[in-house]
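Breakdown of the fold
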Amino acid sequence: MCRSIKTLRPPVLAEEATEDEIRAAALQYVRKISGFRAPAAHNREVFDQAVEAVAGATADLLAGLEVRGGAGTRRAS
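First, a word on scope: everything that follows refers to the structure included in this document. These numbers were taken from a predicted model, which means no experiment stands behind them.

Another aspect to go through is the pattern of salt bridges. Using the criterion set out here, one finds 2 salt bridges in the structure. Among the ionic pairs, E52 bridges to R23, the shortest N-O distance being 3.1 Å. Pair noted here: E52 is in helix α2 (residues 44-64) and R23 is in helix α1 (residues 19-34), with a separation of 29 residues, a long-range link. Judged by relative accessible area, R23 falls into the partly exposed class, the value being 35%. Where D48 meets R44, a salt bridge forms, and the shortest distance between an N and an O atom there is 3.2 Å. Of this pair, D48 and R44 are both found in helix α2, 4 residues apart, which corresponds to roughly one turn of the helix.

The next subject is the packing of α1 against α2. Taken N-terminus to C-terminus, the directions of α1 and α2 make an angle of 130°; their axes are 8 Å apart at the nearest point. Overall, the two elements α1 and α2 adopt an arrangement that is oblique. Viewed along their axes, α1 and α2 form a crossing whose handedness is right-handed. For the pair α1 and α2, the contacting residues are I22, R23, A26, L27, Y29, V30, R31 and S34 in the first and F47, A50, V51, E52, V54, A55, T58, A59 and L62 in the second. Here the contact of α1 with α2 is built from residues that sort into 12 nonpolar, 2 polar and 3 charged.

This brings us to the nonpolar core. In this structure, L8, L13, A17, I22, A25, A26, V30, F47, V51, A55 and L62 together form the largest nonpolar core, which totals 11 residues. Of all the secondary structure elements, the ones that give two or more residues to this core are α1 and α2. Beyond its immediate chain neighbours, meaning those up to four positions away, V30 contacts G35, F47, A50, V51 and V54.

Parameters at a glance
Each chain carries its own residue numbering, running from 1 in the written order of its sequence. Two thresholds apply to this predicted model, a pLDDT of at least 70 for residue-level local features and 80 or more for giving and counting side-chain atom pairs, whereas whole-chain, interface and lining totals are computed over all residues. Values shown for side chains rest on all heavy atoms present in the structure; no hydrogens or waters enter the calculation. For salt bridges, the criterion is a side-chain nitrogen of Lys or Arg within 4 Å of an Asp or Glu carboxyl oxygen. Labels follow the DSSP assignment, with helices taken as runs of H or I lasting at least four residues and strands as runs of E lasting at least two, numbered in each case from the N terminus. We call a residue buried when its accessible area falls under 20% of the maximum for its residue type, exposed when it is over 50%, and partly exposed in between, using a 1.4 Å probe and counting protein chains only. Interaxial angles span 0 to 180 degrees and are taken between N-to-C directions of axes, which are lines fitted to C-alpha atoms, for helices over the stretch in contact. Note on terminology: angles under 35 degrees are roughly parallel, angles over 145 are roughly antiparallel, angles of 65 to 115 are roughly perpendicular, and the others are oblique. Crossings are classed by handedness, with left-handed meaning an anticlockwise turn of the near helix from the far one by less than a right angle and right-handed meaning a clockwise turn. For this analysis, residues touch if any pair of their heavy atoms sits within 4.5 Å. Gly is placed with the polar residues, together with every amino acid not listed as nonpolar (Ala, Val, Leu, Ile, Met, Phe, Trp, Tyr, Cys and Pro) or charged (Asp, Glu, Lys and Arg). Only buried residues count toward a nonpolar core, which is a set of Ala, Val, Leu, Ile, Met, Phe, Trp, Tyr and Cys residues joined through side-chain atoms within 4.5 Å.

Shown next as structure tokens:
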């Protein structure tokens, strides 16, 4: 997997992941999967939609994770 994507949950990350951190991870994932660092104009819309979808799924995942021995269930804002 892409080494640029970091773990966004405790105990690796002391506090809740920010929207910027979640979006950066989503962008790195979409870049890796698509093979494009920056898509051509004709692919920009679908690329951006994928980043938003992955960011949303990531936020949902982080909000629902229960970290045992930690702060309990995380809630995204």
